[in-house]
Amino acid sequence: MSDDALSPSGPPVSESSDAAPQEEGRVELLPVMPLRGGTVVFPFAVLPLAVGQPRSVRLVDDVMRRDRRLVFVAQKTDDIDLAGPEHVHRIGTIGVIHHLARSGEGTLQVVVQGIERVRILEFVGAEPYLQARVERAPERPAAGPEGEALRRAVLELIARLVAVIQLPQEFVAAAEALTDPLQLAYLVGAALPLSGEQRQELLELDAVEAKLRKLIDFIQHEIAVRELGRKIAEETEQRLSKSQREYFLREQLRSIQKELGEGEGEEIAELRRKLDEAGLPPEARAEADRELDRLALLPPGSPEQGMIRTYLDWMANLPWQKLSGSAIDIDRARTVLDEDHYDLEKIKDRILDYLAVRKLRAERAAAAADGGEVPSPAERTAAEPILCFVGPPGVGKTSLGQSIARALDRAFARVALGGVHDEAEIRGHRRTYIGAMPGRIVQALRQAGTRDPVIMLDEIDKVGSDWRGDPAAALLEVLDPAQNHRFTDTYLGVPFDLSAVLFIATANTLDTVSPPLRDRMEVMQLSGYTEEEKLQIAERYLVPRQLRAHGLRPGEIAFEPEALRHIIRRYTREAGVRGLEREIAGVVRRIARRVVEGEPTPVTVDIAGVERYLGRPRIPEEALLRIDRPGIATGLAWTPAGGDVLQIEAAAMPASEERLILTGQLGDVMRESVQAALTWVRSNAERLGFDPTFFEHKAVHVHVPAGAVPKDGPSAGITMATALASLATGRPVRADVAMTGEITLHGRVLPVGGIKEKVLAAHRFGIRTVILPKENERDTEDVPEEARKALQFHFVDDAFDVIRLALT
């Protein structure tokens, strides 16, 4: 049809044309008529068109005065009245107007026939109608038996199609009479109920075989849809009759129950009322109503009653619609974080950045929604990554999550993942099992009472996997913003929207966290505290909290700063402050009993009071064993609980053959470090100043206490070399020196990780000099200023410098 015409009333007829096709490659200037409504004029096809637009009427009048030829081309969209060159396809058909009739309203009724396919090269004019230079675009003919096989396949499918679609029987005869596969393709394509895009796609295919294959796809799809529709209609009719029968039977049953006093019952009515108040989404409400109807029909005493009641109770008590959080206030969040945590400035700044981005995204999304803008799927699923706090125990990871919840006025729920090995703990259990219940995520939502709480995934590094599944894999869906808006708990069986939940994870180490899970989180490292930081935390947070916990008022107990320092130095040795708070609680508990017994307050706790209440100090004044002999060196190590100090011991004894003995539960990497260190020491005997035959006919034993703790990693390489060099030269290592760094066979010192934790451990243990790889010099910028001032750093890249600095 033309650019303003209605659809043609019947299928086109294929017949021979009087107009002869032009030779290939010839360029002609012809008028162009855009067609709307999904109409495509195929070569060889004859069809009626209604022409009503003034410019189209003029076009028809002009071509009728010449050779009656013009180009028919389909519009890309139907919402353009006056189509321009940019609104039409570039492949069309040259056609001839065979018949013209005028109606009283200025509309023309024309019968046209397609001649051949052409390609529009360029448009040369748009007034009074479109004109373009076109060239012939002949199709590649079908060759060999493949074309004949495709033609027969099309004819067989047409015979099946006639049985399910309104097509005249003469159409099948006309199709079978055509021997040219190209004419058959265009005849069938014009007769099938195809969309305009499908017709244009068929016209644009160059190879006849491709056109036939595409037709086969179209016909098979049409047959499948028609047969499925007929099947659905039959099933619907049967279902309606069955539903009517069930309805009458149910009404009779309800009447009988009413006469017997066995109506729906108060319990079912109460469950229905709770479901109404919960505001379930349509999908969840449909499932709940289905289970409620089952419950109403179950006889008393059925074992399924308890399972269905429990399920409906969970559905009715989940916060499907309830929100608790207020708008994000960055100033208030800063105040809350400062109130709850001392120092941690970098961590606080990152949390505030995170909250600021969430606030900005929410405000911009609301403004866009008010303006009618619809966000793209990528914008809807884009989100800040999940925060993961990684650090030793007792440094404040969990309390940071609680502070974030308080700053946002949101409910807080903690999900403990330590030791979880069953995937059902995350996704929930199937309702077929006795005692089945939802997973921990849904349980946390019910505990919080809102669908936008802060959920702390605690100890995410301690999730395991076994034959029951991998909980870490289930967490991928929970923590992925592109998926968790339709999180389906196995027990519930319906999607629940987790996109409003703020997830925060904690871990002591990332080594055991799977890479895909780690990829969904932004890691924020929390290192240990210095002595001064622990003192400030104790005075500002720990002591007031323990006074409240033990029923004492502020001012009834006062700790002297030196008393707290004494507890830190002599009763605890940790990266965090959990043990420190435990010791403070022990002091407060003893004083609380004395207050109950009548002792007057306030009570001032000094160093003597600490030892009176806690007993003798557990940690000796000298943190390290005194190094009074060769073969002992002090190294620094990183552990999930923070930094630590190791003393590495080396000894040699006569033996029938040379061998190396390694003890202390050393891993493969650490064993190789000892071998590399020994090779470097022996190969540089003269430069180190000992007899090259020292190690001959001797067994060298290297031991790393404590023997019950597994150890691994390359960072003790220079410590091993120092202990062996001390043993060989007979010169003890300085007791106030500790070191870390990997060593190569040629004595190069390579960088290692965990510098901040290791330096803090050296500071805690009273070390004065720390030897570090030169490439780790910038890592010391993260060390607190207090520790940097108390320690002397030496940065080396050669093992000889280590020996020079370490040996007496």
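Residues numbered from 1 in each chain as written. Predicted model: local features only at pLDDT ≥ 70, side-chain atom pairs only at ≥ 80, totals over all residues. Heavy atoms only, no water.

As a further point, take the overall build of the protein. Helix and strand counts for the protein come out as 27 helices and 25 strands. Relative to its length of 808 residues, the protein is extended, with a C-alpha radius of gyration of 42 Å against a globular reference of 28 Å. Along the longest, intermediate and shortest principal axes, the C-alpha atoms of the protein span 115 × 90 × 55 Å. Residues classed as buried in the protein amount to 48% of the 808 residues present. The long-range share in the protein, meaning contacts at least 24 apart out of those at least 6 apart in sequence, stands at 74%. When the accessible surface of the protein is summed, it comes to about 39700 Å², and 50% of that surface belongs to carbon and sulfur atoms. Positive and negative side-chain charges of the protein, numbering 103 and 125 respectively, have mean locations separated by a distance of 4 Å. (Helix = DSSP H or I, 4+ residues; strand = E, 2+ residues; numbered from the N terminus. Rg over C-alpha atoms; globule rule 2.2 N^0.38 Å. Buried < 20%, exposed > 50% of the residue type's maximum accessible area, 1.4 Å probe, protein only. Contact = heavy atoms within 4.5 Å. Areas by Shrake-Rupley, 256 points an atom, 1.4 Å probe, with all protein chains shown as cover. Lys, Arg positive; Asp, Glu negative; His and termini not counted. Charge placed at Lys NZ, Arg CZ, Asp CG, Glu CD.)

The next thing to look at is the nonpolar core. Counting residues in hydrophobic clusters, the biggest one holds 56 residues, and the most contacted among them are Met 315, Leu 457, Ile 460 and Phe 503. Each residue touching Leu 457, except ones within four places of it in the same chain, is listed here: Val 415, Leu 417, Ile 441, Leu 475, Leu 479, Phe 503, Ile 504, Ala 505 and Thr 506. (Core = buried A, V, L, I, M, F, W, Y, C linked by side-chain atoms within 4.5 Å.)

This next bit is on the sheet that holds strand S10 (residues 454–458). Sheet strands associate in pairs through backbone hydrogen bonding, adopting either a parallel or an antiparallel arrangement. Strand order across the open sheet formed by five strands is S9-S10-S13-S8-S14, with parallel pairing between neighbours. Each edge of the open sheet is held by one strand with a lone partner, namely strand S9 (412–416) and strand S14 (521–525). The average undirected angle you get between the axes of adjacent strands in this sheet is 25°. Pairing between S9 and S10: five bridges, direction parallel. Across the sheet, the residue bridging to Val 415 is Leu 457, located in S10. (Pairing = 2+ DSSP bridges. Axes fitted to C-alpha atoms, helices over the stretch in contact; angles between N-to-C directions.)

It is worth spelling out the environment of Lys 698 at this point. Within the secondary structure, Lys 698 is located in strand S20 (residues 698–703). Note: C-alpha distance between Lys 698 and Ala 655 (43 residues apart in sequence) is 4.7 Å. Apart from the residues within four sequence positions on either side, Lys 698 is in contact with Ala 652, Met 653, Pro 654, Ala 655, Glu 657, Glu 658 and Arg 659. Only 3.0 Å separates the side chain of Lys 698 from the backbone oxygen of Phe 694, close enough to count as a polar contact. (Polar contact = N/O pair within 3.5 Å; in protein donor to acceptor, adjacent residues only side chain to side chain.)

Here the focus is the packing of aromatic side chains. As enumerated under the stated definition, the model contains nine aromatic pairs in all. Between the aromatic rings of Phe 44 and Tyr 186, the centroid separation amounts to 6.2 Å while the plane-to-plane angle is 45°, which identifies the pairing as tilted. In this pair, Phe 44 sits in the loop between strand S2 (27–35) and strand S3 (45–51) while Tyr 186 sits in helix H4 (residues 181–191), placing the two residues 142 residues apart along the sequence. Against the face of Phe 800 rests Arg 687, its NZ or CZ located 3.6 Å from the ring centre. Over the ring of Phe 694 we find Lys 698, and its NZ or CZ is 3.9 Å from the ring centre. (Phe/Tyr/Trp six-rings, centres within 6.5 Å; stacked < 30°, edge-to-face > 60°. Lys NZ or Arg CZ within 6 Å of the ring centre and 35° of its normal.)

This part is about the packing of helix H18 (residues 531–549) against helix H19 (residues 561–570). Between H18 and H19, the shortest axis-to-axis distance is 10 Å and the interhelical angle comes to 115°. The handedness of the crossing between H18 and H19 is right-handed. Note on element contacts: H19 touches H18 through Pro 561, Leu 564, Arg 565, Ile 568 and Arg 569, opposite Glu 531, Glu 532, Lys 534, Leu 535, Ala 538, Glu 539 and Val 543. Here the contact of H18 with H19 is built from residues that sort into six nonpolar, no polar and six charged. (Left-handed = near helix turned anticlockwise from the far one by under 90°. Nonpolar A, V, L, I, M, F, W, Y, C, P; charged D, E, K, R; others polar.)

The next subject is helix H10 (residues 330–340). All of the buried residues in H10 are Ala 333, Val 336 and Leu 337. Down the axis of H10, the buried side of the element spans an arc of 95°, and every buried residue falls inside it. Backbone nitrogen of Asp 331 and a side-chain oxygen of the N-cap are separated by 3.1 Å at the start of H10; the cap is Asp 329. (Arc of directions from axis to C-beta.)

Turning to helix H16 (residues 471–479), a few remarks are in order. Of all nine residues in H16, eight are buried; the element is thus mostly enclosed. Those residues of H16 not exposed but buried are Pro 471, Ala 472, Ala 474, Leu 475, Leu 476, Glu 477, Val 478 and Leu 479. Between the side-chain oxygen at the start of H16 and the backbone nitrogen of Ala 472 there is a gap of 3.1 Å, and the oxygen is on Asp 470.

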